[in-house]
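# Analysis of the macromolecular model
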Amino acid sequence: EAGVTQFPSHSVIEKGQTVTLRCDPISGHDNLYWYRRVMGKEIKFLLHFVKESKQDESGMPNNRFLAERTGGTYSTLKVQPAELEDSGVYFCASSQAGTLHFGNGTRLTVT
Amino acid sequence: QKEVEQDPGPLSVPEGAIVSLNCTYSNSAFQYFMWYRQYSRKGPELLMYTYSSGNKEDGRFTAQVDKSSKYISLFIRDSQPSDSATYLCAMSRGSGNTGKLIFGQGTTLQVKP
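Residues numbered from 1 in each chain as written. Chains lettered and ligands numbered in written order. Predicted model: local features only at pLDDT ≥ 70, side-chain atom pairs only at ≥ 80, totals over all residues. Heavy atoms only, no water.

### Considering the interface of chain A and chain B
Each side of the interface is counted separately: chain A has 18 residues, and chain B has 16 residues. With both chains or domains summed, chain A and chain B bury close to 1,500 Å², and 50% of this area falls on carbon and sulfur atoms. Sorting the residues of chain A by area buried against chain B places Glu42, Ile43 and Phe102 of chain A first, and these three jointly supply 30% of that buried surface. Viewed at the interface, chain B and chain A are joined by 2 salt bridges. Between Lys100 of chain B and Asp56 of chain A there is a salt bridge, with its nearest N and O atoms 3.1 Å apart. Between the two partners, chain A and chain B, sit 7 residue pairs in polar contact (both at pLDDT 80 or more). At the level of secondary structure, the elements contributing two or more residues to the side of chain A that touches chain B comprise strand E4 (31–37) and strand E5 (44–50) of chain A. For the side of chain A that touches chain B, a count of residues per class yields 7 nonpolar, 6 polar and 5 charged. (Contact = heavy atoms within 4.5 Å. Buried area = accessible area lost by both parts, 1.4 Å probe. Salt bridge = Lys/Arg side-chain N within 4 Å of Asp/Glu carboxyl O. Polar contact = N/O pair within 3.5 Å; in protein donor to acceptor, adjacent residues only side chain to side chain. Helix = DSSP H or I, 4+ residues; strand = E, 2+ residues; numbered from the N terminus. Nonpolar A, V, L, I, M, F, W, Y, C, P; charged D, E, K, R; others polar.)

Spelled out as structure tokens, the structure:
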């Protein structure tokens, strides 16, 4: 089976610009998670979808971040406007029950 | 104070050595304990998964959980150069959202041939 796929693998944008990250979960996985790792820190939970519904968005840092999962398939995470502190690696993970399967992440650099 | 503490290393060992990786945590509500391995530019990959206290063995890997001490360990026997990676401990409270993980910072391991 295909794994969790994330696009792009790397994005470099200027402060104030908008970036949209995409995650394609494993087919049939209802649960989709976004995590983020900023440099020097641990990986941190951002939010959790069950199908198209946001189950838990307690980790979203502020209202510049918007996550969607239309139709309960792929998900997007938009950052608008981007700030320097948003730089890091954004991971997506999916599961049906139990084990999380992570994608390889999108490395975001805000200059 | 972080909920999960993990020494980032780096840890360098010769091939064949026994490796011990550890995490401590502060929240007694954690019920599920995991170890992930992450290679450079890749996503975390689940290695071991333990519910509550006890030991679990899988090949060269052994995971231990001591809830009374709030301490978890991963042992790697007969370490190989291919084990060189970052090892992340992770925990969750369960209760309907076992996927909401709290990670340690990760320990970078290098196994030298």
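### Details of the nonpolar core
If you look at soluble globular proteins, the nonpolar side chains tend to sit buried side by side. If you look at the biggest cluster of nonpolar residues, it comprises 25 residues, and the most contacted ones within it are Val4, Trp35, Ile72, Leu74, Ile76, Tyr87 and Met91 of chain B. Of all the elements in the fold, those that place two or more residues in this core are strand E3 (19–25), strand E4 (32–38), strand E5 (45–51), strand E7 (61–66), strand E8 (71–76), strand E9 (85–92) and strand E11 (107–112) of chain B. When neighbours within four sequence positions are excluded, Met91 of chain B is seen to be in contact with Val4, Cys23, Tyr25, Phe30, Tyr32, Phe33, Met34, Ile72, Lys100, Leu101 and Ile102 of chain B. Among the nonpolar cores identified, the runner-up in size contains 21 residues, and Val19, Phe65, Ala67 and Val110 of chain A belong to it. (Core = buried A, V, L, I, M, F, W, Y, C linked by side-chain atoms within 4.5 Å. Buried < 20%, exposed > 50% of the residue type's maximum accessible area, 1.4 Å probe, protein only.)

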